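# Structural overview for review
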Amino acid sequence: LRIHPLGDAALLAELGTRLDTALNTRAIALAAALKKRRDVRQAIAGYASVTVQFDPDQTSHQSLAAAIRRLATKRPPMPEPGRLHRIPVRYDGPDIEEVAERLKLPRERIVELHTRPIYRVFLVGFVPGWAYLGPLPEELELPRRQVPRTQVPAGSVAIAGRQSGIYPLPTPGGWHLLGRTSVKLFLPDSDPPCLFRAGDRVKFFAAGE
Amino acid sequence: VTAVLNVQEPGLFTTVQDLGRPNAISAGVQSGGAMDRFAHAAANLLVGNDVGHATLECTFSGPHLVAEHPCLVAVAGADFDPHVNGTPVPGWTSMLLGAGDQLTFGPNRKGARMYIALAGGIEADRWLGSLSTNVMAARGGKQGRPLERGDNIAAAGAPRKPSISRLHLAESLRPVYGDHILHSIPGPHVKRLNPESRSNLFGMAYRVTKDANRMGYRLEGPRLDTSGEELLSFGLVPGALQVPHGGQPILLMADHQTAGGYPVVATVVSASMPVAAQLLPGDEVLFAEATAERAQQMRMALGAALETLR
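Throughout what follows, the structure given in this document is the object of discussion. (Residues numbered from 1 in each chain as written. Chains lettered and ligands numbered in written order. Predicted model: local features only at pLDDT ≥ 70, side-chain atom pairs only at ≥ 80, totals over all residues. Heavy atoms only, no water.)

In space, the six strands of this open sheet follow the order S7-S6-S9-S4-S1-S11 (chain B), with antiparallel pairing throughout. Taken across any chain shown, the strands that pair with only one partner, and hence form the sheet edges, are strand S7 (87–88) and strand S11 (152–154) of chain B. (Pairing = 2+ DSSP bridges. Helix = DSSP H or I, 4+ residues; strand = E, 2+ residues; numbered from the N terminus.)

Shown next, in the form of structure tokens:
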């Protein structure tokens, strides 16, 4: 466990550096425990870390770090299995041919590989409603695009590294676009305003033409 | 009577802001809120509000407002040369506007963001626990957008304290906006910088580019070389100095993305964020390495200044 300052009113507690479901489960549990403290303003779980914003008039980096070390040694409660979302995708994205070429796989195999796993929602963040999903099958691993697109349409289903994701809003993006879905990820008039929560599970399936 | 201001001209980019929506971060929604929390708080306290009431954040230029009913207002933050009915009026001072009075602004004399508080707070759309405008989601504030000509601004309620006009915050108690030194605590990924980059970060000037908005400022200066494996995405905070692949840092501000995977080599301390909020494109900044103790002293000084208005 490494704890670093993020200025005078926040810190980053790193539980590990691997993309790992167990680490993510611990991070989510630690964030939930920290949120209950009065001196903590907000605690956000990352893949394998927790970013804690605290009230520097009520606590210090040192005393909060000590409390985090104590909490982190506790065995986290058995996580409830996250809700399962089934997401229909039309695999007609602008990058699917290029991905197939670069991976030397037929297009049908790309779809088969992408729809095979039940992905975990590691983290909701970046932009409203965006969820980092993983792990992506190794066979589909590719670095991000050299030149990010200035605008990616909402609903684009994309991959990069060992991750997959869905663009909830039209934003710039450097991931490879495999397809699109009509499912709305960002629900501004609901609370919470997003479909996925950290710890949820996601299964993609190929929707008809 | 509910005080009402009518917007004759909105200014370049004027939005309703309060202290943001930190509870929405776990949904990926930016926390948002006033960029310069000190000026926002001072403007509110000057008109007898709580610091959490909504104000108008005016970016780079001021609006032209007409009072339709008598009301108490205060402007704080950047100096946009405020006038009432054509006569210059001081900033950081509460003032009573009569029905028909015109509040206008001249050229930008110092800073980037000015706050206008109205006794009772500014009424606006509440979204996820905050009145702050989120233009990306088009929610909060005035229908999720900047002010437009013809908008009406109403008071949300009665002020916490009876209205006092000509309450003033002395210059000696305010942050030094022109000074452009951002006190910063190194970490979490400062060890990824090579020694030369580290001495550049805490020794050389960085210029704010045109790409500077409520999400963050792209800076330009000596390249910061980071090494090491790709990071897994983690939660970000305002003031974090993120270094993407090109080596030109980005200073994250109020509407920053909630998570990211670029190294963060330092974070500007909370008491320097009001100074950061007032930077204009082209301004040069220096990052000064700070300790937690120094950050606390600076924070307490600003807190004590606000106390004088309570």
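Our focus in this paragraph is the environment of Arg294(B). Residues and elements named next belong to chain B. Summarising the element assignment, Arg294 is placed in helix H4 (residues 292–307). By relative accessible area, which is 37% here, Arg294 ends up partly exposed. With 111 residues separating them along the chain, Arg294 and His183 place their C-alpha atoms 8.8 Å apart. (Buried < 20%, exposed > 50% of the residue type's maximum accessible area, 1.4 Å probe, protein only.)

Moving on, we get to the interface of chain B and chain A. Each side of the interface is counted separately: chain B has 33 residues, and chain A has 38 residues. For the chain B and chain A pair, buried surface summed over both sides reaches about 2900 Å², with 61% attributable to carbon and sulfur atoms. Together, Pro188(B), Leu232(B) and Ser233(B) form the three largest contributors to the area buried by chain B at its contact with chain A, with a combined 19%. The interface formed by chain B and chain A contains three salt bridges. (Contact = heavy atoms within 4.5 Å. Buried area = accessible area lost by both parts, 1.4 Å probe. Salt bridge = Lys/Arg side-chain N within 4 Å of Asp/Glu carboxyl O.)

On to the side chain of Arg214(B). All names here are of chain B. Mapped onto the fold, Arg214 is located in the loop between strand S13 (206–212) and strand S14 (216–220). A distance of 2.8 Å separates a polar side-chain atom of Arg214 from the backbone oxygen of Gly33. Here Glu57 takes part through its side chain, which lies 2.8 Å from a polar atom of the side chain of Arg214. Excluding residues within four positions of it along the chain, Arg214 makes contact with Phe13, Gln17, Gly32, Gly33, Met35, Glu57, Arg113, Met253, Ala254, Asp255 and His256. (Polar contact = N/O pair within 3.5 Å; in protein donor to acceptor, adjacent residues only side chain to side chain.)

Before going further, it helps to spend a moment on the state of the cysteines. All names here are of chain B. As enumerated under the stated definition, the model contains zero disulfides over all chains in all. With no disulfide of its own, Cys58 lies 14 Å from the sulfur of Cys71, the closest cysteine sulfur. For Cys71, a relative accessible area of 4% corresponds to the buried category. (Disulfide = S-S within 2.5 Å.)

All names here are of chain B. Ordered by their spatial adjacency, seven strands build a closed barrel running S12-S19-S16-S17-S14-S13-S20, and the pairing between neighbours is mixed. With strand direction ignored, the average angle separating the axes of adjacent strands in the sheet is 40 degrees. As paired elements, S13 and strand S20 (residues 284–289) share two bridges and run antiparallel to each other. From the neighbouring strand, Arg207 faces S20, where its bridge partner is Glu284. (Axes fitted to C-alpha atoms, helices over the stretch in contact; angles between N-to-C directions.)

This next bit is on the side chain of Ser130(B). Residue and element names in this part refer to chain B. Positionally, Ser130 belongs in the loop between strand S10 (110–118) and S11. The exposure class assigned to Ser130 is buried, which follows from its relative accessible area of 0%. If we ignore the near neighbours within four places in the chain, the residues touching Ser130 are Asp18, Gly20, Arg21 and Asp125.

Aromatic ring pairs are reported here in terms of the distance separating the ring centres and the angle at which the planes meet. Per the counting criterion, the structure on display carries 12 aromatic pairs over all chains. Ring geometry for Tyr132(A) and Trp175(A): centres 6.4 Å apart, planes at 55 degrees, overall tilted. Residue Tyr132(A) is found in strand S7 (residues 131–134), and its partner Trp175(A) is found in the loop between strand S11 (171–173) and strand S12 (176–180); the two are separated by 43 residues along the sequence. By the burial criterion, Tyr132(A) is buried, and Trp175(A) matches it. A ring pair is formed by Phe38(B) and Trp92(B), whose centres lie 6.0 Å apart and whose planes are at 45 degrees; its orientation type is tilted. Pair noted here: Phe38(B) is in helix H1 (residues 37–46) and Trp92(B) is in the loop between S7 and strand S8 (93–97), with a separation of 54 residues, a long-range link. Take Trp92(B): its relative accessible area is 5%, and that puts it in the buried class. An aromatic cluster is built from Tyr47(A), Phe122(A), Phe126(A), Trp130(A), Tyr132(A), Tyr167(A) and Trp175(A), whose rings are joined through pairwise contacts. (Phe/Tyr/Trp six-rings, centres within 6.5 Å; stacked < 30°, edge-to-face > 60°.)

In short, geometric facts, not functional conclusions.
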